[in-house]
Amino acid sequence: MKHSIHYFALFSIWLFATASSGQTRLINDKDIADETNSEDWLAYGRTHNEQRYSPLTQINQKSVAKMGVDWHLDLPGDVGLVSTPLVIDGVMYFTGSMNIVRAVDALTGTVLWQHDPKVAEEVVGHKRAGWVHNRGLSAYGNKIFAATWDGRLQALDRNSGKLLWSTRTFGLEEPLYITGAPKAFKGKVLIGNGGTEAGPTRGYVSAYDTETGELAWRFYIVPGNPEDGFEDETMEMAAETWSGNWWEHGGGGNAWHAFTYDEELDQLYIGTGNGSPWNQKLRSPDGGDNLFLCSVVALDPDTGEYLWHYQTVPGETWDYNSNMDIVLADLTLEGRDVKALMHAPKNGFFYVLDRLTGALLSAEKFADTNWATHIDLATGRPVERQGARYEDGSENIFPSPFGAHSWHAMSYNPKTGLVYLPTIHLSADFIDESYNTQWRSVAFEGGTAVDWSQGADPRDYSGELQAWDPVTQQKRWSVPQSDPWASGTLTTAGGLVFQGEANGHFSAYDASSGETVWTFDAGLGISAPPITYAIDGKQYVSVLVGYGGGYASGLTPGSERLGWAYGVHTRRLLTFSLDGKNSVPQQPAPHYPEPLIEADFAVNNNLAEKGAGLFIQHACYACHGLGAISGGMAPDLRASAMFFSEMTQPLRGIVREGKRLDRGMPGYPDMSDAELVALRHYIRREAHAQTDINWE
Ligand code: CA
């Protein structure tokens, strides 16, 4: 008997070992760099080059007309979806609201596992800045890496979703957040953070060991207080480009997006953020370039040591960060083969750099841009227009702080030689008259030290999909779009470009001509970029549907006109194929919240003004919308009974104690009763004033 038990135990161990080693392919850098693997989508931009180009051709210009929904997965608890899914060996991985990671069978949409990092439990009792969405995941070895709003980086077992390690990348008391996808390379995983506008922050990126979660290295983007000593010679060099007591403002530069690993040259590139505060007159009063704000910085992937940088906006003062995707390609420029790096940051110029050296090769405007006339190729510097730094009073500047291009990834198709670039045409009026050198940013109240509002729009469209030729630096074709904030793009060897729009249309375009060859109405705005993959010789296209991100929240007027009101439409993952015949439940019609009237409520205008100030000070508008007009990412407070007089107790619970933290509403423990009353007067004033609003 003893023998048989022994053999049975051995047999079980053998079975277990076979099952685990046989199913988990260990992903390495060669795999992630392999452009010819058409079945998987192994990294944020598909491969290390971040081109979002797939060699798949089954769905092409001719066949795409037959494309229909193959399967769908409803995500009723989710809000804004901005994530790029990964596909590995027939399993799809993606991030939803509150950083929940799901693995689904990519053939059927069946959920295989789900990991909830329990963000609400982590942050209860702490203030929070920023956003509850996240743009994606990273895969390496047998692991999936995910980051959380509150600053944790986590490693999950790819097969089971089991948490293998979790590490804090910043303290819970810091006014920082993470919305970016981690980037894994060479046994390390990199993450940055956002928060430039949320307090006096000093940006940095950190690399952790993929196996242990131990910190491998950290690179600071701006120098700290010289009295504390600089971390290294690079920070000493950067400090020479700053003036005044910049460290009291943090400096900013936060890297919330854009990490590219160059497997060929073994270099890491990070896109860096704008200054904290925006207004350089206060941040660095005697000017200076303020390194490494608004730059592409090349780092040694093993040590994090500085290699080179190219700064797109020296002495930045308009929120023109360079946190937009960094795409690598081999280009032929004037007969010369170039290892190129392509970058289209907020500032409206399309840059081509030689990534061996960081030398600027060309830069041209791809959108309405008036802060600079051109980029001087001899010096590599922009030539600014007089008055652009709002030194002469109010100034209308293109692009707006939303940028001419934001985090919506561009794709590059080596067959057409074109970049497919989601473009935004908005301007802003800047004025800084009400700020002086006494101004200080307060953690979780933040500020920019300059006032801005959306400027007049000279076009009848504010969004555009452009096919951009990076060699000639010219537009080849264009699809004007009435609204800005369309999704990132996907391009394929099938001669197609895919993109979702804020109006809910998901379209395929002929990659050479821009002709619309297929459209599906998802019934809800799309902000997440589509991907494609194949299983058993069949090609699929997937996209997450759920209007999301900064513009969607109502930071500026516009989004509310789309009618994607909070809690009305079902967020979902849609997957298409050529023989897809799945019917998707119809979405409700666009909905416009109706402001509620509290009978007999007399608005005290002084209190309402105080409430309006609190609404700005605590950044309530960042989710609930400027003027309390929600863009759909959070409830429209004018239409909420929560601000009725009789709801004092429940309102305290939500605002002060964080009772809706599970929905992403942070708690404000020091908000007084008097302040809550002032907020009520503000919300009632806005609700009563706008009851006759008509979006038609
Ligand atoms: Ca910013």
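Here we summarise the structure given alongside this text.

**Focus on helix H8 (residues 648–655)**
Every buried residue of H8 is listed here: Leu651, Arg652, Gly653, Ile654 and Val655. Taken together, the buried residues of H8 touch helix H9 (673–689).

**Observations concerning the environment of Val297**
Its location among the elements puts Val297 in strand E19 (residues 295–299). Sequence spacing of Val297 and Ile221 is 76 residues, and the spatial spacing of their C-alpha atoms is 9.0 Å. With sequence-adjacent residues up to four places away left out, Val297 is seen in contact with Phe219, Leu268, Tyr269, Ile270, Thr272, Phe292, Tyr306, Trp308 and His309.

**A closer look at the packing of aromatic side chains**
One pass over the structure, following the stated rule, counts 33 aromatic pairs. The interplanar angle of 45 degrees and the centroid separation of 5.9 Å between the aromatic rings of Phe145 and Trp165 together place this pair among those described as tilted. Residue Phe145 is found in strand E8 (residues 143–147), and its partner Trp165 is found in strand E10 (residues 163–168); the two are separated by 20 residues along the sequence. In terms of burial, Phe145 and Trp165 fall into one category: buried. Here the aromatic cluster, defined as three or more aromatic residues joined through ring pairs, consists of Trp278, Phe402, Trp407, Trp452, Trp485 and Tyr551. Positioned over the ring face of Tyr44 is Arg52, at 4.5 Å from the centre of the ring.

**A short note on unusual backbone geometry**
Here Leu291 and Phe292 are connected by a cis peptide whose omega angle stands at 0 degrees. When you line up the elements, Phe292 lands in the loop between helix H5 (280–283) and E19. Residue Pro399 follows Phe398 across a cis peptide bond; omega there is -5 degrees. Among the secondary structure elements, Pro399 is positioned in the loop between strand E27 (395–397) and strand E28 (411–413). Of note, the phi angle at Asn99 is positive, near 65 degrees, even though the residue is not glycine. Relative to the elements of secondary structure, Asn99 occurs in the loop between strand E4 (91–95) and strand E5 (101–105). Accessibility expressed as a relative area gives 2% for Asn99, which makes it buried. In the Ramachandran plot, Glu334 falls in the positive-phi region, its phi being about 50 degrees despite a non-glycine side chain. Mapped onto the elements, Glu334 comes out in the loop between strand E21 (326–333) and strand E22 (336–343).

**A look at the nonpolar core**
Formed by 96 residues in total, the largest nonpolar core has its most connected members in Met67, Tyr93, Phe498, Tyr533 and Leu573. With five residues, the top contributor of residues to this core is strand E39 (residues 538–545). Aside from chain neighbours lying at most four places away, what touches Tyr533 is Ser38, Glu39, Leu56, Trp71, Val87, Met92, Ala106, Lys538, Gln539, Tyr540, Ser542 and Thr575. If you look at the next biggest cluster of nonpolar residues, it comprises 51 residues, including Tyr261, Tyr269, Trp308 and Tyr390.

**Quick word on the sheet that holds strand E3 (residues 86–88)**
Ordered in space as E3-E4-E5-E6, the four strands form an open sheet in which the pairing is antiparallel. If you trace the sheet from one side to the other, it starts and ends with E3 and strand E6 (111–115), each paired once. Looking at each pair of strands side by side, their axes are set apart by 20 degrees on average, direction ignored. As paired elements, E3 and E4 share three bridges and run antiparallel to each other. Pairing of Leu86 across the sheet is with Tyr93, part of E4.

**Observations concerning the coordination of the calcium ion**
Around the calcium ion, the protein contributes the donor atoms Glu197 (OE), Asn274 (OD1) and Asp319 (OD), at 2.2 to 2.4 Å from the metal centre. Written as a sequence motif, the donor residues of the calcium ion are E-x76-N-x44-D. Of this pair, Glu197 sits in the loop between strand E12 (188–191) and strand E13 (204–209) while Asp319 is found in the loop between strand E20 (306–311) and E21, placing the two residues 122 residues apart along the sequence. The class of Glu197 is partly exposed, set by a relative accessible area of 27%. Taking relative accessible area as the criterion, Asp319 reaches 5% and is therefore assigned buried.

**Side note on the side chain of Asp636**
With respect to the element layout, Asp636 can be found in the loop between helix H7 (621–624) and H8. On the accessibility criterion, Asp636 (7% relative accessible area) is buried. Within the local environment of Asp636, its side chain forms a polar contact with the backbone nitrogen of Ser630, the two atoms lying 3.2 Å apart. There is a polar contact of 2.8 Å between the side chain of Asp636 and the side chain of Arg638. Every residue in contact with Asp636, bar those within four places of it in the chain, is listed here: Pro593, Ala628, Ile629 and Ser630.

**Describing the packing of H8 against H9**
Packing of H8 against H9 brings their axes to within 11 Å, and their N-to-C directions diverge by 105 degrees. With respect to each other, H8 and H9 are oriented roughly perpendicular. Residue-level inspection shows Thr648, Leu651, Arg652 and Val655 of H8 in contact with H9, the latter providing Asp673, Leu676 and Arg680. Residues that form the contact of H8 with H9 fall into these classes: three nonpolar, one polar and three charged.

**Digging into the pattern of salt bridges**
In the structure shown here, the tally under the stated rule is 36 salt bridges. Here Asp432 makes a salt bridge to Lys281, at a shortest N to O gap of 2.8 Å. Of the two residues, Asp432 sits in the loop between strand E30 (428–431) and strand E31 (451–454) while Lys281 sits in helix H5, which places them 151 residues apart along the sequence. The class of Asp432 is buried, set by a relative accessible area of 13%. Counted as one network, the salt bridges with shared partners bring together Asp262, Glu264, Asp330, Lys339 and Arg355.

**A look at the sheet that holds E13**
Spatially, E11-E12-E13-E14 is the arrangement adopted by the four strands of the open sheet, whose pairing is antiparallel. At either end of the open sheet lies a strand with only one pairing partner, and these are strand E11 (183–185) and strand E14 (215–220). When strand polarity is set aside, the average angle formed by the axes of neighbouring strands in this sheet is 20 degrees. Bridge count between E11 and E12: three bridges; the pairing is antiparallel. Note on E12: the bridge partner recorded for Phe185 is Lys188.

Conventions we followed
Residues numbered from 1 in each chain as written. Predicted model: local features only at pLDDT ≥ 70, side-chain atom pairs only at ≥ 80, totals over all residues. Heavy atoms only, no water. Buried < 20%, exposed > 50% of the residue type's maximum accessible area, 1.4 Å probe, protein only. Helix = DSSP H or I, 4+ residues; strand = E, 2+ residues; numbered from the N terminus. Contact = heavy atoms within 4.5 Å. Phe/Tyr/Trp six-rings, centres within 6.5 Å; stacked < 30°, edge-to-face > 60°. Lys NZ or Arg CZ within 6 Å of the ring centre and 35° of its normal. Core = buried A, V, L, I, M, F, W, Y, C linked by side-chain atoms within 4.5 Å. Pairing = 2+ DSSP bridges. Axes fitted to C-alpha atoms, helices over the stretch in contact; angles between N-to-C directions. Donors = N, O, S within 2.8 Å, 3.2 Å for Na, K, Ca; no water. Polar contact = N/O pair within 3.5 Å; in protein donor to acceptor, adjacent residues only side chain to side chain. Parallel < 35°, antiparallel > 145°, perpendicular 65-115°, else oblique. Nonpolar A, V, L, I, M, F, W, Y, C, P; charged D, E, K, R; others polar. Salt bridge = Lys/Arg side-chain N within 4 Å of Asp/Glu carboxyl O.

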